[in-house]
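Close look at the chain arrangement
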Amino acid sequence: LTAGIAFIQCGATSQDIMYLTLPLYHISASLLGIGGCIELGATCVLKKKFSASQFWNDCRKYNVTMFLYIGELCRYLCNQPSKEGDRIHKVRIALGNGIRPAVWKEFLMRFGPIKIFEFYGSTEGNVTFFNYTNKIGAVGRAGIFSKFLHSFELLKYDISKEELMKDEHGRYKKAHIGESGLLVIQVTRENPFSGYVGNNEASEKKLLRNVFVNGDVYFNTGDLLMMDENGFLYFTDRVGDTFRWKGENVATVEVAEIVGMMDFIQEVNIYGVNIKNCEGRIGMAAVVLKPDQPFDGERLYKHVVDFLPSYARPRFVRI
């Protein structure tokens, strides 16, 4: 039912044809994809394995009008060589999660005005955000209705100590507007956390107790999000992925997004490494080059200097 509602919010109807390339053990494919098509009465085209080179050919062959994605899928499509027929298709809706803003913009410019509906959620989590406004980069918006359904907060998080910050009374501090914070959702009878089957210890580790008042319980998502002044929510990083250098917090997702803009780079992962006699961790960029593309260190250096503050610039590159 929830999957059907999500598709209806996207403007989907029973006349739509869904192209599904994600593995069916993935909750997005099985519950949202298959379940959503059944609830909607739409047609589902199942692909055994995702193929970036055949994706748009299949869409044209089966008159596909919508598809499910994870962020990397859209990036793989953008990495394919440009063709004259890139915009010749009937796809109008893309629903999924994990697409980075730079890929989002490139995808629209390359393949046409497809409506991208980004969402945030997890299998065990007790909240879902849904960006139905096509605001690039956002995973959803915290409106009055969503706050009524799910009582969530963004809590101040100390990256260097990898712990939440508390006030003088021992209560957790809330992150300010425009500041990254740990997403937590209140656990209530109406909004429960079912936990992990047969593993009470792991379930308890995901809960925060006495957050603001004695007796309250919140589910710890382990994700850092940021809210802007208009209530739009943006995924920043996973706890543990962010590192600290020169007294500043470095968000790996943001740095990877900038480095990944280089035309000779196919994939990039950013992480912090320890250096002898230095506090914190310094940036390392592990990259996969595009086929037949040489590494251009001078261009990469100029690029990160232009787009990143000094503390966030990776000092090492591993090819």
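Note that this is a predicted model, so its numbers are computed, not measured.

Counting its regular elements, the protein contains nine helices and 19 strands. With respect to the principal axes defined by its C-alpha atoms, the protein has extents near 65 × 55 × 40 Å. Expressed as a percentage of its 319 residues, the buried residues of the protein come to 45%. For the protein, contacts bridging at least 24 residues in sequence account for 63% of all contacts bridging at least 6. Per element, the accessible surface of the protein, about 17,400 Å² overall, is 52% carbon and sulfur. On the protein, the mean spot of the 38 positive side-chain charges and the mean spot of the 35 negative ones are 3 Å from each other.

This part covers the sheet that holds strand β18 (residues 282-289). If you walk across this open sheet you meet the three strands as β17-β18-β19, and the pairing is mixed. One side of each edge strand has no neighbouring strand; the edge strands of this open sheet are β17 (265-273) and β19 (316-318). Sheet twist, expressed as the average angle between the axes of neighbouring strands with direction ignored, equals 25°. Relative to β18, β17 is paired through eight bridges, and the arrangement is antiparallel. Bridge pairing in β18 links Tyr271 to Met284.

Turning next to the UniProt feature "domain: AMP-binding enzyme C-terminal" (unreviewed entry) in the protein. Within the UniProt annotation, "domain: AMP-binding enzyme C-terminal" (unreviewed entry) is assigned to residues 254-319. For residues 254-319, the helix share is 26%, the strand share is 30%, and the end-to-end C-alpha distance is 20 Å.

A separate point is the domain arrangement of the protein. For the protein, the domain assignment lists domain 1 (3-123), domain 2 (140-237) and domain 3 (241-317). For domain 1 versus domain 3, the separation of C-alpha centres amounts to 30 Å. At the junction of the two partners, domain 1 supplies six residues and domain 3 supplies seven residues. For the pairing of domain 1 and domain 3, the buried interface totals around 560 Å² over both sides, and the portion due to carbon and sulfur atoms is 48%.

On to the state of the cysteines, then. Going through the model one piece at a time under the given rule, you end up with zero disulfides. We note that Cys74 lacks a disulfide partner, and the nearest cysteine sulfur, in Cys78, lies 7.0 Å from it. Judged by its relative accessible area of 6%, Cys78 is buried.

By the element assignment, Glu118 lies in strand β5 (residues 115-120). Reaching out from Glu118, the side chain makes a polar contact with the side chain of Tyr69 at a distance of 2.6 Å. Separated by 2.6 Å, the side chain of Glu118 and the backbone nitrogen of Gly98 make a polar contact. Dropping the residues within four chain positions of it, Glu118 is found in contact with Tyr69, Gly96, Asn97, Gly98, Ile99, Trp104, Phe129, Phe130, Asn131, Ala138 and Val139.

A large share of helix α4 (residues 71-78) lies buried, amounting to six of its eight residues. Within the span of α4, buried status applies to Gly71, Leu73, Cys74, Arg75, Leu77 and Cys78. Along its buried surface, α4 packs onto α3 (55-61), β3 (66-70), β4 (93-97), α5 (101-111) and β17.

Counting across every chain of the model gives nine salt bridges. The partner of Asp16 in a salt bridge is Arg92, with the nearest N and O atoms 2.7 Å apart. You can see Asp16 sitting in the loop between α1 (2-10) and β1 (17-20) and its partner Arg92 sitting in the loop between α4 and β4, a full 76 residues away along the chain. Look at Asp16 and you get buried, because its relative accessible area is 3%. Judged by its relative accessible area of 34%, Arg92 is partly exposed. Salt-bridge contacts for Asp58 lead to Lys47; the nearest nitrogen and oxygen are separated by 2.9 Å.

Definitions and limits used
Residues numbered from 1 in each chain as written. Predicted model: local features only at pLDDT ≥ 70, side-chain atom pairs only at ≥ 80, totals over all residues. Heavy atoms only, no water. Helix = DSSP H or I, 4+ residues; strand = E, 2+ residues; numbered from the N terminus. Buried < 20%, exposed > 50% of the residue type's maximum accessible area, 1.4 Å probe, protein only. Contact = heavy atoms within 4.5 Å. Areas by Shrake-Rupley, 256 points an atom, 1.4 Å probe, with all protein chains shown as cover. Lys, Arg positive; Asp, Glu negative; His and termini not counted. Charge placed at Lys NZ, Arg CZ, Asp CG, Glu CD. Pairing = 2+ DSSP bridges. Axes fitted to C-alpha atoms, helices over the stretch in contact; angles between N-to-C directions. UniProt positions renumbered as here; feature names shortened; annotations may be inferred. Domains from an automatic or database assignment. Buried area = accessible area lost by both parts, 1.4 Å probe. Disulfide = S-S within 2.5 Å. Polar contact = N/O pair within 3.5 Å; in protein donor to acceptor, adjacent residues only side chain to side chain. Salt bridge = Lys/Arg side-chain N within 4 Å of Asp/Glu carboxyl O.

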